[in-house]
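# Secondary and tertiary structure notes
Below are the chains, spelled out letter by letter.
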Amino acid sequence: HYMDEAEALADKVGIIDPKAHVDYMLWGGVSGNALEEADWQAGLDDLIESGVAAIKVYLMSGMDSFRDLDQPQLRAVLEQTKRLGIPVGVHAEDRSIVEELESRARSRGDDSPLAYAESRPSQAESSAVTAVIEACRATGARAHIVHLASGEALDLISAARLEGLPISAETCPHFLEFTVDDFDRHGSVLKTAPVVKSEGDRERLWQGVGSGELSFVATDHAPGRWPDEKATGSIWTDYGGVPGVELMLPYLYSSGFCRGLITLERLTEITAAEPARFFGINHRKGHIRPGFDADFVVFDERAQWTVRADDLHNLNRYTPHEGQLFTGRVRSTYLRGRCVFARREDGSELFAPSGTGTWIRRGIA
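About the thresholds
- Residues numbered from 1 in each chain as written.
- Predicted model: local features only at pLDDT ≥ 70, side-chain atom pairs only at ≥ 80, totals over all residues.
- Heavy atoms only, no water.
- Patch = residues over 30% accessible without salt bridge, like charges linked within 9 Å, V, L, I, M, F, W, Y side chains within 5 Å.
- Areas by Shrake-Rupley, 256 points an atom, 1.4 Å probe, with all protein chains shown as cover.
- Salt bridge = Lys/Arg side-chain N within 4 Å of Asp/Glu carboxyl O.
- Lys, Arg positive; Asp, Glu negative; His and termini not counted.
- Charge placed at Lys NZ, Arg CZ, Asp CG, Glu CD.
- Helix = DSSP H or I, 4+ residues; strand = E, 2+ residues; numbered from the N terminus.
- Buried < 20%, exposed > 50% of the residue type's maximum accessible area, 1.4 Å probe, protein only.
- Pairing = 2+ DSSP bridges.
- Axes fitted to C-alpha atoms, helices over the stretch in contact; angles between N-to-C directions.
- Contact = heavy atoms within 4.5 Å.
- Right-handed = clockwise from strand over helix to strand, strands pointing away.

Turning our eyes to something else, we now look at a negative patch on the surface. Taken together, the side chains of Asp 4, Glu 7, Asp 11 and Glu 37 define an acidic patch exposed on the protein surface. Mapped onto the elements of the fold, Asp 11 is located in helix 1 (residues 3–16). When its relative accessible area of 53% is taken as the criterion, Asp 11 is described as exposed.

In structure tokens, the structure reads:
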């Protein structure tokens with residue numbers, strides 16, 4: 001069985017490579033399903049040897065095909081990744097807390113955005129983060145909390161880092177911009193897991209981005225089929241996820257740098273240097289230096305523009321940022337010194353051919 005992992009990865013790369021406009025990396029994953037196989041460790045070895053960026057696991061998953069891990073399983077995975085020297089990204093929500101609260105809300109027939117938000121409280125993130133910290137302490141393995149939404153959970157991570165544990169975290173633009181009040185207004189367009197939280201959480205996350213307590217900002221880019229999957233008739237069955245890749249840089253410039261919450265130096269760290277370091281490619285990407293890939297954007301810092309989903313490039317065009325005024329816009333993008341995207345003066349756009357980008361394997365960090 002264990003040969004399947006490397007073969008599946010090669011199949012994926014074979015599909016993506018001819019379509020890619022930019023370089024890309026792929027996460028590997030370890031599911032509860034995989035841990036039922038006797039040779040799961042050999043499969044994990046194969047994946048890592050093949051060059052995956054990092055390993056992703058869930059403490060709460062909504063997918064039968066990729067089930068979440070309990071605490072002993074999490075520890076078992078971290079023991080292996082410690083040996084193999086690769087970080088593990090963890091979706092950190094406590095399934096028992098969420099399922100109990102969701103079941104109460106659904107049994108009383110409440111399918112409002114606020115009911116969904118209340119079923120995924122800050123406590124669910126903090127409880128799961130505590131479990132990751134304990135596993136990290138027991139194994140010494142490098143752990144990373146993906147898409148953190150809770151200020152309280154960030155406090156726990158910062159305390160663990162002060163203790164010297166190799167744990168880190170990221171947040172997303174939607175957690176830096178929106179609160180549960182926005183979710184109440186927008187509804188499913190802003191449904192994600194974890195869910196947007198309070199104004200206090202939002203402020204604490206911005207503080208973490210500026211201070212370095214959060215390593216970087218990621219988008220958790222996950223568009224559902226628009227509009228069908230966001231309009232099933234119930235908040236519980238509507239798709240949870242928002243697109244984000246295209247808007248991240250202008251958002252962070254506009255709402256971070258322009259408001260004095262982050263410096264330009266910090267902006268380059270959280271969008272380039274830190275992710276390259278985390279994914280083990282900081283020997284060739286993440287900086288403008290001799291010998292590195294010449295990957296950069298030309299950014300018009302004075303451009304003011306209104307976000308319209310119709311103008312975006314996703315297959316499924318929706319965004320919770322609809323109608324927002326941004327300052328700063330990407331004019332062109334260069335990959336290894338070659339222009340792969342340009343927005344011309346007349347508004348028309350140029351794209352390099354499909355296949356210009358390629359799969360990048362994890363290197364030695």
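Back to the write-up after that little detour.
Strand order in this open sheet of four strands is 7-8-9-10, and the pairing throughout is antiparallel. One side of each edge strand has no neighbouring strand; the edge strands of this open sheet are strand 7 (296–306) and strand 10 (349–351). Each neighbouring strand pair of the sheet contributes to a mean axis angle of 25°, computed without reference to strand direction. In the sheet, strand 8 (residues 325–335) pairs with strand 9 (residues 338–343) via four bridges, with the strands oriented antiparallel. In the sheet register, Ser 332 faces strand 9, and the bridge partner there is Ala 342. Taken strand by strand, helix 11 (residues 248–257) contacts strand 7 and strand 8, and its axis lies near 135° from that of strand 8.

A word on unusual backbone geometry. Cis geometry is found at the peptide bond from Ala 193 to Pro 194, where omega equals -5°. Looking at the element boundaries, Pro 194 is found in the loop between helix 9 (180–186) and helix 10 (199–211). In the segment running from Trp 226 into Pro 227, the intervening peptide bond is cis, with an omega of 0°. If you trace the backbone, Pro 227 turns up in the loop between strand 6 (216–217) and helix 11. Phi at Asp 220 takes a positive value of approximately 50°, unusual for a residue other than glycine. Within the secondary structure, Asp 220 is located in the loop between strand 6 and helix 11.

Here strand 3 (residues 88–91) shows no split at all, with Val 88 and Val 90 on one side and Gly 89 and His 91 on the other all buried. Note: strand 2 (residues 55–58) against strand 3, four bridges, orientation parallel. Note on strand 3: the bridge partner recorded for Val 57 is Val 90. Between the parallel pair strand 2 and strand 3, the chain is carried across by helix 3 (residues 71–84), and the sense of this crossover is right-handed.

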